[in-house]
Amino acid sequence: MMFEASDIIGGYSAADQILKGVTVAADAGEIVAILGPNGAGKSTLLKAVTGLLPNLTGSIALAGDPLTGLRPRQIAERGVAYVPQESNIFATMTVRENLEMGGYIASDSTSRIEEMFGRFPVLAEKRGEAARTLSGGQRQILAMAIAMMVSPRLLLLDEPSAGLSPIAAAQLFDTIREIAAQSVCIVLVEQNAMDALELCDRAYILSAGRNHATGAGAELAADPDIRRTFLGG
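Scope of this entry: the structure provided in the associated data block.

## Brief notes about the sheet that holds strand β2 (residues 19-26)
For sheets, the rule is that strands pair by backbone hydrogen bonds, running either parallel or antiparallel.
Then step 1. The strand order β2-β1-β4-β5 describes an open sheet built from 4 strands, whose pairing is antiparallel. With partners counted over all chains shown, the strands left at the sheet margins are β2 and β5 (65-66), one partner each.
Then step 2. Of the pairings in the sheet, the one linking strand β1 (residues 3-10) to β2 comprises 6 bridges and is antiparallel in character. Each bridged residue has a counterpart across the sheet, and for I8 the counterpart in β2 is V22.

In structure tokens:
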């Protein structure tokens, strides 16, 4: 597996262990969804992988390279990019300036910006406009493009479709598929569970900070117990 996180225990303080032994894995070109009720530890897990979570035990590795204990910048330099649910763009900066910020650790940032404009034509059209003028869907595409500026091997997405219309969400999911097709490993937390199961290759369902179930998206979507307990019927 390209990405492996095993027996992750941790939280925001020594007395607040939200994750209680979570294990997830994903391969290059694979889309893996992390699902579960509020408070299950989904977003916390992404923060653990990026080095933003203190008091962590367990092991995290990318292509066999240990990430546990590294600082967020060191983890980014090893090929991990993270798109949080909120505050994921610089609203007052132009689209191009946002990409420049995303590429601050990249040695070829200028060529990468042009690559992003080629990959996401809507951003090229609005390169000189302030990011705050973009639609919700366009902002999420910009946030992912910022993350892609470092040529990540692992892309972590936290609630990428939150607040988007069904049409904008469908377009965003198409973009996620296109990124995965470039052999990028994608792990996402998603509020729209059924849409996520349709999008992903595999999914992990967390409950109370622990693994509850895992399997192919279609298999979990068809499981009556999973549907009743976690998917609203």
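The rest of the description comes next.
## Describing the environment of D7
Then step 1. By the secondary structure assignment, D7 is in strand β1.
Then step 2. The spatial distance from the C-alpha of D7 to the C-alpha of P72 is 20 Å, given a sequence separation of 65 residues.

## So, the packing of aromatic side chains
Then step 1. On inspection of all chains with the given rule, the structure shows 0 aromatic pairs.
Then step 2. Cation over ring: R127 sits above F117, and NZ or CZ is 4.2 Å from the ring centre.

## Some words on helix α6 (residues 136-148)
Then step 1. Taking 1.5 Å per residue, 13 residues should reach 18 Å; α6 reaches 19 Å between its end C-alpha atoms and fits that length.
Then step 2. Burial analysis of α6 places 11 of its 13 residues in the buried class, the great majority of the element.

## Some words on the sheet that holds strand β8 (residues 185-189)
Then step 1. Strand order in this open sheet of 6 strands is β6-β7-β8-β3-β9-β10, and the pairing throughout is mixed. Because the sheet does not close on itself, it has two edges, and the strands there are β6 (80-83) and β10 (210-216). Between one strand and the next, the sheet's axes are offset by a mean angle of 15°, whatever the strand orientation.
Then step 2. With 6 bridges connecting them, strand β9 (residues 202-207) and β10 associate as antiparallel partners. Each residue of the ladder has a partner; that of R202, found in β10, is A216.
Then step 3. α6 rests against β6 and β7 (154-158) of the sheet, and its axis sits at about 160° to β6.
Then step 4. Its contacts with the sheet place helix α7 (residues 166-180) against β3 (31-35), β7 and β8, and it is angled at close to 150° to β8.

## Here's the deal with the pairing of β1
Then step 1. In terms of strand pairing, β1 meets strand β4 (residues 57-62) through 5 bridges, oriented antiparallel. Bridging across to β4, A5 finds its partner in I60.

## Observations concerning the pattern of salt bridges
Then step 1. Under the defined criterion, the tally for this structure stands at 9 salt bridges.
Then step 2. When the shortest N-O distance is used, the salt bridge between E100 and R96 registers 3.5 Å. Of this pair, E100 and R96 both sit in helix α3 (residues 95-102), 4 residues apart, roughly one helical turn.
Then step 3. A salt bridge links E115 to R112; its shortest N-O distance comes to 2.7 Å. Placement of the pair is E115 and R112 together in helix α4 (residues 109-119), with a separation of 3 residues, close to one helical turn.
Then step 4. Among the charged side chains, a network of salt bridges with common partners joins R96, E100 and E114.

## Description of the nonpolar core
Then step 1. Core analysis: the largest hydrophobic core is formed by 51 residues, its most contacted members being L99, L142, L155, I176 and I186.
Then step 2. A total of 8 residues in this core trace back to one element, the largest contributor, which is α6.
Then step 3. Every residue in contact with L142, bar those within four places of it in the chain, is listed here: I89, V95, N98, L99, L123, A131 and L134.

Rules used in this analysis
Residues numbered from 1 in each chain as written. Predicted model: local features only at pLDDT ≥ 70, side-chain atom pairs only at ≥ 80, totals over all residues. Heavy atoms only, no water. Pairing = 2+ DSSP bridges. Helix = DSSP H or I, 4+ residues; strand = E, 2+ residues; numbered from the N terminus. Phe/Tyr/Trp six-rings, centres within 6.5 Å; stacked < 30°, edge-to-face > 60°. Lys NZ or Arg CZ within 6 Å of the ring centre and 35° of its normal. Expected span 1.5 Å × (residues − 1). Buried < 20%, exposed > 50% of the residue type's maximum accessible area, 1.4 Å probe, protein only. Axes fitted to C-alpha atoms, helices over the stretch in contact; angles between N-to-C directions. Contact = heavy atoms within 4.5 Å. Salt bridge = Lys/Arg side-chain N within 4 Å of Asp/Glu carboxyl O. Core = buried A, V, L, I, M, F, W, Y, C linked by side-chain atoms within 4.5 Å.

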